[in-house]
Amino acid sequence: MIVTEGGRFGGYGLYLLKGKAVFVYNFLDLERFRWQSEQALSPGKHTIEFDFKYDGPGFGKGGSGILKVDDKQVASNNVAHTIPFIMAIDETFDVGVDTRSPVDDKDYQVPFAFNGKLIKVTLNLKPEAMTAEDQKSFDDAARQVNLAAE
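Since the model is a prediction, treat every value here as computed from it, not as a measurement. (Residues numbered from 1 in each chain as written. Predicted model: local features only at pLDDT ≥ 70, side-chain atom pairs only at ≥ 80, totals over all residues. Heavy atoms only, no water.)

## As for the sheet that holds strand β5 (residues 48-54)
Rules: Following DSSP output, two strands are said to pair if at least two bridges run between them. Counting from the N terminus, the helices are DSSP H or I runs at least four residues long and the strands are E runs at least two residues long. To get an axis, fit a line to the C-alpha atoms, keeping to the stretch in contact for a helix; angles then go from 0 to 180 degrees between the N-to-C directions.
The antiparallel open sheet is built from three strands, whose spatial order is β5-β6-β7. Edge positions in the open sheet fall to β5 and β7 (72-79), since each of these has one partner strand only. Mean inter-strand twist for the sheet, computed between neighbouring axes without regard to direction, equals 15 degrees. For β5 and strand β6 (residues 63-69), the ladder comprises seven bridges, and the chain directions are antiparallel. Note on β6: the bridge partner recorded for Phe-52 is Gly-65.

In structure tokens form, the structure reads like this:
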């Protein structure tokens, strides 16, 4: 595992499987979207990148993703829809190991530790512009979550 958030019931994971770069987006255990390199990585230092372009603004929209290894595109795929608000609260954000449930039980079982050396993991979140209606919907949903927690 390189980095993961969520697990069996929703989330994503970027990892190596049999030497191949893999990114899995798990849409609430209803559907899994997969990007995987065809070739295994050679021994040594590599840069693995996943870039996702969201079809928003709005909640739960789809998008397109590109998986790159050493600046070369190795896989692309489209996602019809995304998790509209938050990932499962009983899962964790992990780097270098998956400590809760797998994003894809067919690929690995936990703990799924990276056995190489991770030098750096960078997350670059670029917020999409929200319409006033989207912002109101988001604020209303956040208030409902806060009321339910009280």
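Here the narrative resumes, following the displayed structure.
## Looking at the environment of Gln-109
Going by this rule: We define a polar contact as two N or O atoms separated by no more than 3.5 Å, with the added condition that, inside protein, one atom must be a possible hydrogen donor and the other a possible acceptor, whereas residues neighbouring each other in sequence contribute only through side-chain atom pairs.
Following the sequence through the fold, Gln-109 ends up in the loop between β8 (93-95) and α1 (132-149). C-alpha separation for the pair Gln-109 and Gly-96, spaced 13 residues apart in sequence, amounts to 14 Å. Here Asp-105 takes part through its backbone oxygen, which lies 3.0 Å from a polar atom of the side chain of Gln-109.

## Things to note about the packing of aromatic side chains
Under the convention used in this document: Any pair of Phe, Tyr and Trp rings, taking the six-membered ring for Trp, is counted once the centres come within 6.5 Å. Such a pair is stacked with planes under 30 degrees apart, edge-to-face with planes over 60 apart, and tilted for the rest. A 1.4 Å probe rolled over the protein chains alone gives each residue an accessible area, and that area as a share of the maximum for its type sets the label: buried under 20%, exposed over 50%, partly exposed in between.
Evaluation of the coordinates by the stated rule reveals eight aromatic pairs. Plain terms: the ring middles of Tyr-15 and Tyr-108 are 5.2 Å apart, the flat faces sit at 70 degrees to each other, and that makes the pair edge-to-face. Linking Tyr-15 in strand β2 (residues 10-17) with Tyr-108 in the loop between β8 and α1, this pair joins segments that are 93 residues apart in sequence. The same class applies to Tyr-15 and to Tyr-108, which are both buried. Judged by centre distance (5.5 Å) and plane angle (70 degrees), the ring pair of Phe-23 and Trp-35 falls under edge-to-face. In this pair, Phe-23 sits in strand β3 (residues 20-27) while Trp-35 sits in strand β4 (residues 31-36), placing the two residues 12 residues apart along the sequence. Feature note: the residues Tyr-12, Phe-23, Trp-35 and Phe-50 constitute an aromatic cluster, connected by ring pairs.

## What about the pairing of β6?
Of the two faces of β6, only the one carrying Gly-63, Gly-65, Leu-67 and Val-69 is buried; Ser-64, Ile-66 and Lys-68 on the other face are not. In the sheet, β6 pairs with β7 via seven bridges, with the strands oriented antiparallel. Across the sheet, residue Lys-68 finds its bridge partner in β7, namely Gln-73. Between β6 and β7, which pair antiparallel one after the other, the connecting turn spans two residues, and Asp-70 there sits at a positive phi close to 50 degrees.

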